[in-house]
Amino acid sequence: MAISPGIPTSFVPRQHTESPKRQSSTGTNLFLIVALFLGGVAVLATIGTYAYDKYLTHVLEAKAEELALAQREVDQDQVEEFVRLRDRLVHGRALLDNHVALSQAFDVIETETLRTVKFRSLKLEVAEDHTAQLDIEGTARSFNALAAQSNAFAAQKGIRRAIFSGIVVNQDNTVSFRLSADLDPRLVVAEGAAPAADALTVPQPPQAVPPAPTATTTPAATSTRIIVPVGTTTPSL
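In this text, all values refer to a predicted model and were calculated from it rather than measured experimentally.

Asks: Please clarify how the overall build of the protein should be interpreted in this entry.
Replies: A count of helical and extended segments in the protein gives 5 helices and 5 strands. Secondary structure elements of the protein, listed N to C terminal, follow the sequence α-α-α-β-β-α-β-β-α-β. Looking at the protein as a whole, 23% of its 237 residues are labelled buried. Residue pairs at least 24 apart in sequence account for 69% of intrachain contacts in the protein once pairs closer than 6 positions are excluded. Split by element, the accessible area of the protein, about 17500 Å² in all, is 60% carbon and sulfur.

Given below as structure tokens:
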């Protein structure tokens, strides 16, 4: 009887002649290299940190010794004298900064006052914040003279918000007026005397005479600390 081709003729298991494949170790070697590299970097960083700490400690000790040596060489009496001198200079500077010196203000007013204008009274009030209020009563030869005086004060940087009021024509054709204005604090404080001389220039006399100014109201006076009354400053011609 013939055997079917699908049925094996022997039941002995066949031996495999192919050898098993070896697993690749490339990934393991790369991980080991990275770990060793990181470990070496950590060790070097630790050693560097320790060495730098020792270096800083040595530098600190050396600087401390130098400071102690310098302190031993300093004369304590001389140091105390320098401290007292510094305190005197600081207090002197504070006194000068807060000292009221009116000579600069009077020089500017005298320079800017025209010969055709005279003052009957002058009151200067200085507040605690060194703002100064000027109040003047006077007479001018004419309206043109009063207008020229107004221009002269307006051109002076040290005189601010000059307002003429109470303008009255007298029987002798002279014009009476009242002037109120604010002064630059540098004109009344000793600290600003030097820079004020450079910043506050004296203008040239006006060439053309403008129309006469109209009367305006006088603002209310502020709280003051110093009041200086002055008589006539510039004689009329």
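Asks: Would you take a moment to explain the packing of aromatic side chains for this structure?
Replies: Two aromatic rings are characterised by how far apart their centres lie and by the angle between their planes. Tallying each qualifying case throughout the model produces 2 aromatic pairs. Centre to centre, the rings of Phe-164 and Phe-177 are 5.5 Å apart; their planes meet at 55°, and the pair counts as tilted. Here Phe-164, found in strand S3 (residues 159-169), pairs with Phe-177, found in strand S4 (residues 175-183); they are 13 residues apart in sequence, far enough to count as distant. Here the two residues Phe-164 and Phe-177 agree in accessibility, since each one is buried.

Asks: What exactly am I supposed to notice about the pattern of salt bridges here?
Replies: Pairing is possible between side chains of opposite charge, provided their charged atoms come close. A full pass over the atoms with the stated rule returns 8 salt bridges. Of the charged contacts, one joins Arg-86 and Asp-87 as a salt bridge, the two residues approaching to 3.1 Å between their closest N and O atoms. Linking Glu-125 and Lys-123 is a salt bridge whose minimum nitrogen-to-oxygen distance equals 3.4 Å. With a relative accessible area of 34%, Lys-123 lands in the partly exposed category. Residues joined by salt bridges that share partners form a network here, namely Glu-81, Arg-84 and Arg-88.

Asks: Is there a simple way to explain the nonpolar core in this structure?
Replies: In terms of nonpolar packing, the biggest core is built from 27 residues, with Phe-177, Leu-183 and Val-188 touching the most fellow members. Looking at this core, the elements that each hand over two or more residues are helix H3 (103-112), strand S1 (117-126), strand S2 (132-140), helix H4 (143-155), S3 and S4. With residues near it in sequence (within four places) discarded, Leu-183 still touches Ala-105, Leu-124, Ala-132, Leu-134, Gly-158, Ile-159 and Val-188.

Asks: Can you walk me through the confidence of the model for the protein in this structure?
Replies: Low-confidence regions, as indicated by low pLDDT, have predicted coordinates that should not be scrutinised in detail. Counting all residues, the mean pLDDT for the protein is 75, and 68% of those residues have values of 70 or more. Looking at the elements of the protein, mean pLDDT is at its lowest for helix H5 (residues 193-199), recorded as 41, and at its highest for S4, recorded as 93. Note on residues 192-199: pLDDT is under 50 here. Beyond four places in sequence and across chains, it has 10 contacts. Predicted confidence is poor over residues 201-237, with pLDDT under 50, and the contacts of this stretch with residues over four places away or in other chains come to 75 contacts.

Asks: How should the pairing of S2 be read in this particular structure?
Replies: Look at any regular strand and the pattern is simple: side chains alternate between the two faces of the sheet. Of all 9 residues in S2, 8 are buried, a share of seventy percent or more. Relative to S2, S1 runs antiparallel, the two being bridged by 9 bridges. Of the residues in S2, the one forming a bridge with Lys-123 is Asp-135. Two successive antiparallel strands, S1 and S2, enclose a turn made up of 5 residues, where His-130 displays a positive phi of approximately 70°. As defined by bridge partners, S2 adjoins S4 across 9 bridges and the pair is classed as antiparallel. Counted as the bridge partner of Glu-137 is Arg-178 from S4.

Asks: Just checking my understanding: could you explain H4 for this structure?
Replies: Working note: α-helix, 3.6 residues per turn, so residues spaced by three or four point in the same direction. Taking 1.5 Å of rise per residue, the 13 residues of H4 would be expected to cover 18 Å, and the 19 Å separating its terminal C-alpha atoms lies within 8% of that figure. Residues Ala-145, Leu-146, Ala-147, Ala-148, Gln-149, Ala-152 and Phe-153 constitute the buried set of H4. In this structure, the buried side of H4 is in contact with H3, S1, S2, S3 and S4.

Asks: What am I meant to see in the environment of Ala-105 here?
Replies: Take Ala-105: it is sitting in helix H3. Not counting residues up to four positions away in its chain, the partners in contact with Ala-105 are Leu-183, Leu-187 and Val-188.

What counts and what doesn't
- Residues numbered from 1 in each chain as written.
- Predicted model: local features only at pLDDT ≥ 70, side-chain atom pairs only at ≥ 80, totals over all residues.
- Heavy atoms only, no water.
- Helix = DSSP H or I, 4+ residues; strand = E, 2+ residues; numbered from the N terminus.
- Buried < 20%, exposed > 50% of the residue type's maximum accessible area, 1.4 Å probe, protein only.
- Contact = heavy atoms within 4.5 Å.
- Areas by Shrake-Rupley, 256 points an atom, 1.4 Å probe, with all protein chains shown as cover.
- Phe/Tyr/Trp six-rings, centres within 6.5 Å; stacked < 30°, edge-to-face > 60°.
- Salt bridge = Lys/Arg side-chain N within 4 Å of Asp/Glu carboxyl O.
- Core = buried A, V, L, I, M, F, W, Y, C linked by side-chain atoms within 4.5 Å.
- pLDDT = per-residue confidence, 0-100.
- Pairing = 2+ DSSP bridges.
- Expected span 1.5 Å × (residues − 1).

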